[in-house]
Amino acid sequence: MTELIVTVGEPEREAPLLDYAFSLARQWHAWVTGLCVIPIDAVVMALPDAAGLLAAEERDALADEAWWQGRCKAAGVGGGWEVARGVYRKVVAERASLADLVVGRLPGRPASLQDASRRLAETLVHGGCPIVLVPDDWVARPAIGHVLLAWNGSAPAARAARAALPLLRMAARVTVLDGTHGLGGKTGAPLREWLARQSVSCDWLPFQPRGDVGEAIHAEAGRLCVDLLVQGAWGRRRTSERLLGGATRHSLRHSRVPLLLAP
């Protein structure tokens, strides 16, 4: 059975994150686990009676299982509730090892970018699981309608496409934003042929931005009214960095649509 993990804390309880996660779980017939992390860091441990405070917070979190099961029942999906203490990004990364997808919140404030990037990187690298980040102001609608796949022929972009394959198969429409033009014929992995073998029908849109690549990708996402943007994370080669590597940071800072990134 498909396994989704949703990271849940106080800011997420009324956020569009939960509506998106349950919509995706219904569409994917997935089991959805709410994961509440009781964070342990130097600041917490320096507080008087830190152990008592952590224990109280854990008791309160465990009591939220009834609330979560109520949300699952209302959404018509099966689910579970887990509470864990530890360093946030490490807990999520370890738990993600037994998941098909992690769904988390994309904070809207630029000041949160550094922390969000660090947590994301830890989950991707150590958890080995793709992650979907949902913007705080996302307007709920069917989770997988129109998917935009940003493509530049790089290994990170190929891994993102592979990770997103179940969602691409569910999508009502898939558009490939093809940035391989003008690269001297070196287009990397044969995405067009691979998608055809996977029975994924796509529209192909040539992509040759003259300005900032990240801005151009998101301009297309807005113009096409997509429901999900799939892109490679932190490309290393020159062509990858030019087309999508720098775009990762732009997406984390500015994305107004759910964003799928993969290790």
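Residues numbered from 1 in each chain as written. Predicted model: local features only at pLDDT ≥ 70, side-chain atom pairs only at ≥ 80, totals over all residues. Heavy atoms only, no water.

*Asks:* Teacher, can you tell me more about the environment of Pro 166 here?
*Replies:* With respect to the element layout, Pro 166 can be found in helix H8 (residues 165–170). Pro 166 sits in the partly exposed class, given a relative accessible area of 31%. For the pair Pro 166 and Val 200, spaced 34 residues apart in the sequence, the C-alpha separation amounts to 9.8 Å. (Helix = DSSP H or I, 4+ residues; strand = E, 2+ residues; numbered from the N terminus. Buried < 20%, exposed > 50% of the residue type's maximum accessible area, 1.4 Å probe, protein only.)

*Asks:* In this structure, what is going on with the pattern of salt bridges? I would like to understand it.
*Replies:* Close approach of charged atoms allows side chains with opposite charge to pair. Under the definition given, this model contains seven salt bridges. Between Arg 173 and Asp 203 there is a salt bridge, with the nearest N and O atoms lying 3.1 Å from each other. Remark: Asp 203 occurs in strand E8 (residues 203–206) and Arg 173 occurs in strand E7 (residues 173–178); sequence separation between them is 30 residues. Look at Asp 203 and you get partly exposed, because its relative accessible area is 36%. The partner of Arg 223 in a salt bridge is Glu 220, with the nearest N and O atoms 2.8 Å apart. On the criterion of helical spacing, the pair formed by Arg 223 and Glu 220 is a turn pair, its members being three residues apart in helix H10 (residues 213–224). We classify Arg 223 as exposed; its relative accessible area is 53%. (Salt bridge = Lys/Arg side-chain N within 4 Å of Asp/Glu carboxyl O.)

*Asks:* What should I look at first to understand the side chain of Ser 255 in this one?
*Replies:* Among the structural elements, Ser 255 can be located in the loop between helix H11 (238–254) and strand E10 (259–261). Under the relative-accessibility criterion, Ser 255 is labelled buried at 1%. Polar side-chain contacts of Ser 255 include one of 2.7 Å to the backbone oxygen of Val 257. Other than its neighbours up to four places away in sequence, Ser 255 contacts Leu 106, Pro 135, His 218 and His 250. (Polar contact = N/O pair within 3.5 Å; in protein donor to acceptor, adjacent residues only side chain to side chain. Contact = heavy atoms within 4.5 Å.)

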